[in-house]
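Close look at the chain arrangement
Listed below are the residues making up each chain.
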Amino acid sequence: MNTLAASSPERSEQDVLTALQATVSASRLSLFLQCRLKFYFRYVLKLKKPKTASLHLGNAVHAVLKAWNKARWVQQPLSLKVVHETYQTAWADNTEGSVAWEPGEEEADKTTGWRLLDTYLRESHLPAAIKPDAVEVPVEADLQQHGLPRLIGILDLVQQRQIIDYKTSATTPNADKVSHTTEIQTCSYAILYRHNTGAQEAGMQLHHLVKLKNPKVVITTLPPMSPGQETRLFRQMEAYLEGLQRRDFIPSPGMHCSSCEFFNECRLWS
Amino acid sequence: MAIKLSANYSKKLGLPQYSSHSFSASVEVELNDITQVEAEVQKLYQLLQQSVDQEIQQPGFVPTANTNGNSRPAPQQKGRAQPVNGSGHPSAPPNADRWNCTDGQRGFILRIVNENPGITKQVAEELSQQLFGIGVKQLNKMQASQLIEDLLVLAGKPTPRQTRWQQQPTNAQAA
């Protein structure tokens with residue numbers, strides 16, 4: 001469960017597709033349903049693209065929140081000074097690739113990330129007295145009995161049977177819309193939680209750290225996954241399997257293309 | 001001519017004090033074509049099984065040794081039904097040697113202990129108690145996965161950063 005098989009460069013496209021049919025994650029499924037060609041470029045051809053600034057910021061923020069939650073779990077909460085040092089270290093970590101920063105951009109983004117964390121932690125959204133049930137834990141669920149692939153994922157934080165997911169965002173999320181737009185992810189997490197604990201989640205929370213001039217935290221609380229939502233997810237996974245089987249990698253032009261890193265490759269598709 | 005397909009799914013579970021409860025769900029659909037039968041049966045079976053499984057987890061009134069089903073009701077059960085074995089009867093008391101996690105997780109934990117002199121069984125047990133307040137063998141799958149992550153960190157072999165954080169949309173970045 002805790003080892004991820006490294007993909008060998010010699011693997012044939014069919015091998016890659018077979019592996020993708022055997023295992024699915026919320027992000028893979030979401031991307032496939034958003035644009036199959038983008039999915040193909042990222043997960044089948046594995047085209048490399050430069051790391052984005054917002055991804056770098058998100059990773060650094062996430063690393064600090066993980067450290068914060070782990071520390072309070074063992075009742076050794078981090079001081080703000082240690083949190084800042086952790087952030088500095090996380091920011092300097094380029095093991096996943098470097099960002100091609102514009103002049104002055106890195107310092108501005110680094111400050112933004114720190115202000116997000118500072119706001120989040122000062123507002124005490126995670127009281128030290130409440131111990132987590134899990135922090136950034138990789139889990140999987142065998143859905144073979146449903147004729148579906150193995151579902152994998154990582155739960156950011158589980159606390160009092162609530163599944164909590166962190167997101168950094170440039171805009172303030174709308175509660176009604178975000179429950180819909182994140183449904184694949186939240187329902188995947190609910191299934192993972194149920195399969196791995198034998199219990200039903202108490203609910204889910206999305207903690208958005210919003211990158212505004214004055215940073216703010218928006219917490220969206222969602223109820224446990226309903227049977228209808230579970231069925232929807234299973235049907236979406238069926239479509240994923242069938243699409244891979246047919247090699248149905250067609251482009252889906254739309255608003256989302258404006259930020260797509262494969263825009264140029266897509267234009268050449270025929 | 002329309003073809004009628006009836007499907008029924010029934011499940012009976014054992015409960016304490018030799019009692020049991022059962023639930024069944026039925027559905028009838030019309031098909032236009034006989035070739036739809038196989039796919040429709042598969043879909044209905046999955047739907048009915050999920051629905052029955054979802055509901056049957058609430059056992060409601062459960063007799064205790066004192067009530068044997070005829071006097072005052074037992075306290076309301078929360079969560080899932082009592083664990084049952086394959087024959088539908090209550091499971092035997094937990095075996096002290098039985099692990100709750102998967103065989104793979106058990107093997108992984110034991111391998112970390114065997115291959116890292118600094119991580120003894122006692123270290124693993126103490127970490128489990130510190131995090132979850134229970135022993136290693138009692139950990140569920142999620143807890144075992146967490147323990148493995150933390151033992152690997154202790155061993156100086158943290159798992160590589162997960163690829164989930166790569167290539168997310170830019171306007172709603174996962175942190």
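The structure displayed is predicted, hence computed values, not measured ones. (Residues numbered from 1 in each chain as written. Chains lettered and ligands numbered in written order. Predicted model: local features only at pLDDT ≥ 70, side-chain atom pairs only at ≥ 80, totals over all residues. Heavy atoms only, no water.)

1. Remarks on the overall build of chain B
What chain B contains, in helices and strands, is 4 helices and 2 strands. Reading chain B from its N end, one meets helices and strands in the order β-β-α-α-α-α. A buried classification covers 36% of the 175 residues belonging to chain B. When the accessible surface of chain B is summed, it comes to about 10,800 Å², and 50% of that surface belongs to carbon and sulfur atoms. (Helix = DSSP H or I, 4+ residues; strand = E, 2+ residues; numbered from the N terminus. Buried < 20%, exposed > 50% of the residue type's maximum accessible area, 1.4 Å probe, protein only. Areas by Shrake-Rupley, 256 points an atom, 1.4 Å probe, with all protein chains shown as cover.)

2. Overview of the UniProt feature "domain: PD-(D/E)XK endonuclease-like" (unreviewed entry) in chain A
UniProt annotation of "domain: PD-(D/E)XK endonuclease-like" (unreviewed entry) refers to residues 23-267 of chain A when read in the numbering used here. With 48% helix and 18% strand, the stretch residues 23-267 of chain A has end C-alpha atoms that lie 29 Å from each other. (UniProt positions renumbered as here; feature names shortened; annotations may be inferred.)

3. Things to note about the confidence of the model for chain A
Residues and elements named next belong to chain A. Taken as a whole, chain A shows an average pLDDT of 92; of its residues, 96% reach a score of 70 or greater. Per-residue pLDDT, averaged within each element of chain A, yields its smallest value for helix α7 (residues 175-181) (91) and its largest for helix α8 (residues 183-197) (98). Predicted confidence is poor over residues 1-7, with pLDDT under 50, and the contacts of this stretch with residues over four places away or in other chains come to 15 contacts. (pLDDT = per-residue confidence, 0-100. Contact = heavy atoms within 4.5 Å.)

4. As for the pairing of strand β5 (residues 203-210) of chain A
Residues and elements named next belong to chain A. With respect to burial, β5 is a largely interior element, 8 of its 8 residues being buried. Here β5 shows a buried face lined by Gly 203, Gln 205, His 207 and Leu 209 and a second buried face lined by Met 204, Leu 206, His 208 and Val 210. Here 8 bridges tie strand β4 (residues 162-169) to β5, and the two strands are oriented parallel to one another. Note that in β5 the partner of Asp 165 across the bridge is Leu 206. Bridge count for β5 against strand β6 (residues 216-222) is 7 bridges, and the pairing is antiparallel. Paired with His 207 across the strands is Ile 219, a residue of β6. (Pairing = 2+ DSSP bridges.)

5. Some points on the interface of chain B and chain A
With 33 residues of chain B at the interface, the matching set in chain A holds 57 residues. Interface area, chain B with chain A, both sides summed: about 3,900 Å², of which 48% is carbon and sulfur. Taken together, chain B and chain A are joined by 1 salt bridge. In this structure, Lys 70 of chain A engages Asp 150 of chain B in a salt bridge whose closest nitrogen and oxygen atoms are separated by 3.0 Å. For the interface between chain B and chain A, the tally reads 8 residue pairs in polar contact (both at pLDDT 80 or more). Secondary structure elements with two or more residues in the side of chain B that touches chain A: α1 (37-56), α2 (103-115), α3 (121-132) and α4 (141-154) of chain B. Looking at which element gives the most residues to the side of chain B that touches chain A, the answer is α4 of chain B, with 7 residues. (Buried area = accessible area lost by both parts, 1.4 Å probe. Salt bridge = Lys/Arg side-chain N within 4 Å of Asp/Glu carboxyl O. Polar contact = N/O pair within 3.5 Å; in protein donor to acceptor, adjacent residues only side chain to side chain.)

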